[in-house]
Structures are given as C-alpha cells and as structure tokens.
Amino acid sequence: MIDSKPKYARARDLTLGQAGAIWLRELQPKFLLLHLFGWVGYRVYLLGQGDWGWLDLVPVALLLALHPFAEWIIHVFILHHRPRQVLGLRWDYHAARMHRLHHRDPWDLRFVLMPLPIMVLGLALGAVVFWLLAPTAGVWATTMIATAGIAAYYEWIHFLTHTSYRPKGRIYERQWRLHRLHHFKNERYWMGVTRHLGDLVLGTFPDRANVKTSKTARTLGLLDPPAGEDA
Ligand SMILES: [Zn+2]
Ligand SMILES: [Zn+2]
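The rules behind each value
- Residues numbered from 1 in each chain as written.
- Chains lettered and ligands numbered in written order.
- Predicted model: local features only at pLDDT ≥ 70, side-chain atom pairs only at ≥ 80, totals over all residues.
- Heavy atoms only, no water.
- Donors = N, O, S within 2.8 Å, 3.2 Å for Na, K, Ca; no water.
- Helix = DSSP H or I, 4+ residues; strand = E, 2+ residues; numbered from the N terminus.
- Buried < 20%, exposed > 50% of the residue type's maximum accessible area, 1.4 Å probe, protein only.
- Patch = residues over 30% accessible without salt bridge, like charges linked within 9 Å, V, L, I, M, F, W, Y side chains within 5 Å.
- Areas by Shrake-Rupley, 256 points an atom, 1.4 Å probe, with all protein chains shown as cover.
- Salt bridge = Lys/Arg side-chain N within 4 Å of Asp/Glu carboxyl O.
- Contact = heavy atoms within 4.5 Å.
- Axes fitted to C-alpha atoms, helices over the stretch in contact; angles between N-to-C directions.
- Parallel < 35°, antiparallel > 145°, perpendicular 65-115°, else oblique.
- Nonpolar A, V, L, I, M, F, W, Y, C, P; charged D, E, K, R; others polar.
- Polar contact = N/O pair within 3.5 Å; in protein donor to acceptor, adjacent residues only side chain to side chain.
- Left-handed = near helix turned anticlockwise from the far one by under 90°.
- UniProt positions renumbered as here; feature names shortened; annotations may be inferred.
- Phe/Tyr/Trp six-rings, centres within 6.5 Å; stacked < 30°, edge-to-face > 60°.

## Overview of the coordination of the zinc ion (ligand 1)
Ligation of the zinc ion (ligand 1) by protein atoms is provided by H102 (NE2), H158 (NE2), H162 (NE2), H179 (NE2) and H183 (NE2), these donors lying 2.0 to 2.2 Å from the ion. Written as a sequence motif, the donor arrangement for the zinc ion (ligand 1) is H-x55-H-x3-H-x16-H-x3-H. One end of the pair, H162, is in the loop between helix 6 (137-161) and helix 7 (170-184); the other, H183, is in helix 7, with 21 residues separating them in the sequence. The pair formed by H162 and H183 is uniform in burial state, with each residue classed as buried.

As structure tokens, then:
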C-alpha cells in the first residue's frame, strides 16, 4: 500500500542543501546512512583490535567494478520486468510496480527511492553472504561499508536528478542528462543511473541523435491502476 498523497520538490532551482534536506526527510536515506555509520563504527572498533590489512581493498575494488553492471541488471530485469502469468499466477515484483509508477510521474518523490523493505532485505542478504565469504570480520565490515556507501550514493543521485536542482559539475551533469533521456527520450536506453559502463558494454548507450522519442517512456507499454490502489 502506498501513502496516497503525492510528494513533489518542484520549487524552482533548489540548492544542493535544500535538495539534501528534502532527501533526508525520507525514511530510506535515514535508514541507509544510519546503517552505513553503524558499519563504519564497527570497522573502527575492529581497527582498534588490530584487525586490518590490504585484503580489505579486494571487496571494495570488486564492488566498484560490479556496481555499473548491478545497476544495469536490476533496472533491466527487475524494474522493467513485464508482469506475466506463470502457471495461472501473476508474476510481478513490487519494485517493478513502483518503477512503473515512477515512470508514470517522474516528479512524484514517493516512487523515486527504493522501497524500504527491499532495501532492508537486500542489505540483510548481503550481510549474510559477505559474512560467509569474508576471511575476517574486518573484511566483512569493509564490504558492508562499500555496499551501503554505493546504495546511498545511488539513492542520492537518483533522487537529485528528479528535483529542480540545476546540475553543476561534469560528472553530475552527465548523470542528470542521461537519466532524463531514459525517462523522456527512450526508456530502453541509458539504464545506468550513477554509472554507465553497463550501458556501454551491453549496448544501451546509443547516440541520442539516432534514437526515436518513445511513446511508452511514461507507461513502459503497460497500464497499472493509479497510485494508491493495489492491483
Ligand atoms: Zn528515475
Ligand atoms: Zn526505468
């Protein structure tokens, strides 16, 4: 069930600080940042116990290398999943339904952030898997810091591109422009949000001059019930 009042941050030319304050009002960023600080605290405690080494750099490098592909795969196969009937049952994801609402009204902030239960479940699952793989508690904590840091970065940049904050700086200007192309030019391309190596390698980074404006960028070719009504 979605809280039924639309939320917008349409004030003209928000400053970065104003956009940040609106972001921090939401539950998901609060949870993500608390989670991140918790792991940083644990890592600092372990440092004090003498648990540190170069091995910590391995998961950080691996996660940074996989991050653009993770964004691409989640966006293509989960968020843009087309509901279908399998053995008489409807196969759909809550995250996909939220993402369809996000495309329908890209300015409604209710649908920009990842749903909280999915965030909690994803991080809990990551914590278990990384605990099984990590050789020491320190490496485990570093891996979780990198995971939470990447998730917070993704949520912040995605949120910011859906506000009226005017891009400054080359890196953010590019993220802003490409994500708006995904929403308003053609929803089949520019699947990365903060990083675009996945698009470059997997063929979804065309020259915008050669791309037709899609008629289904708002609906993804599917019609869901309006926000607030569960299917
Ligand atoms: Zn978006
Ligand atoms: Zn999308």
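## Examining the coordination of the zinc ion (ligand 2)
A metal bound by six donors in octahedral fashion has ideal angles of 90 or 180 degrees, whereas one bound by four tetrahedral donors has an ideal angle of 109.5 degrees. The coordination sphere of the zinc ion (ligand 2) contains the protein donors H75 (NE2), H80 (NE2), H99 (NE2), H103 (NE2) and H182 (NE2), at a distance range of 2.1 to 2.2 Å. When the donors of the zinc ion (ligand 2) are listed by position in the chain, the intervening gaps give H-x4-H-x18-H-x3-H-x78-H. Pair noted here: H99 is in helix 4 (residues 94-104) and H182 is in helix 7, with a separation of 83 residues, a long-range link. A single burial state applies to H99 and to H182, both of which are buried.

## Description of a nonpolar patch on the surface
Nonpolar side chains collect at one region of the surface, where I73, I74, F77, I78, V86, L87, W91 and Y93 lie side by side and expose about 780 Å² of accessible area between them. Among the elements that line the nonpolar patch, the one with the most residues is helix 3 (residues 57-79), at four residues. One can find I78 in helix 3.

## A short note on the environment of F159
With respect to the secondary-structure elements, F159 resides in helix 6. Taking the C-alpha atoms as reference, F159 lies 19 Å from V120; in sequence the two are 39 residues apart. Aside from chain neighbours lying at most four places away, what touches F159 is A19, I22, W23, L109, V112 and L113.

## Looking at helix 4
Counting buried residues in helix 4 gives nine out of 11 residues, a clear majority hidden from the surface. Looking only at helix 4, the buried set comprises A95, A96, R97, M98, H99, R100, L101, H102 and H103. Where helix 4 is buried, its residues touch helix 3, strand 2 (89-91), helix 5 (116-133), helix 6 and helix 7.

## Quick word on the packing of helix 1 (residues 16-25) against helix 2 (residues 27-48)
Packing of helix 1 against helix 2 brings their axes to within 5 Å, and their N-to-C directions diverge by 85 degrees. As far as their axial angle goes, helix 2 and helix 1 are roughly perpendicular. Packed against helix 1, whose contacting residues are W23, L24 and R25, the element helix 2 presents L27, P29, K30 and L33 at the interface. Along the lines of polarity and charge, the residues of the contact of helix 1 with helix 2 split into five nonpolar, no polar and two charged.

## With respect to the side chain of D51
Of note, D51 is situated in the loop between helix 2 and helix 3. Reaching out from D51, the side chain makes a polar contact with the backbone nitrogen of G138 at a distance of 2.9 Å. Every residue in contact with D51, bar those within four places of it in the chain, is listed here: R43, L46, T136, A137 and G138.

## Comments concerning the packing of helix 1 against helix 6
Between helix 1 and helix 6, whose axes approach to 11 Å, the crossing angle comes to 115 degrees. Once helix 1 is placed against helix 6, the crossing between them reads as right-handed. Residue-level inspection shows L16, A19, G20, I22 and W23 of helix 1 in contact with helix 6, the latter providing A152, E155, W156, F159 and L160. Per-class residue counts for the contact of helix 1 with helix 6 are eight nonpolar, one polar and one charged.

## Section: the UniProt feature "transmembrane region" (unreviewed entry) in the protein
Here, UniProt's "transmembrane region" (unreviewed entry) annotation points to residues 31-48, 60-80, 107-133 and 139-160. Strand forms 0% of residues 107-133 and helix 67%; the C-alpha atoms that close the span are 40 Å apart.

## A few points about the packing of aromatic side chains
Using the criterion set out here, one finds 10 aromatic pairs in the structure. Look at W107 and F184: their rings are 5.8 Å apart centre to centre, the planes differ by 20 degrees, and that puts the pair in the stacked class. Separated by 77 residues along the polypeptide, W107 in the loop between helix 4 and helix 5 and F184 in helix 7 bring together distant segments of the chain. The exposure class assigned to W107 is partly exposed, which follows from its relative accessible area of 22%. Residue classification places F184 among the partly exposed residues on the basis of a relative accessible area of 34%. Look at W156 and F159: their rings are 6.5 Å apart centre to centre, the planes differ by 20 degrees, and that puts the pair in the stacked class. With W156 and F159 both in helix 6 and three residues apart, the pair spans about one turn of that helix. Of the two residues, W156 and F159, neither departs from the other in class, the shared state being buried.

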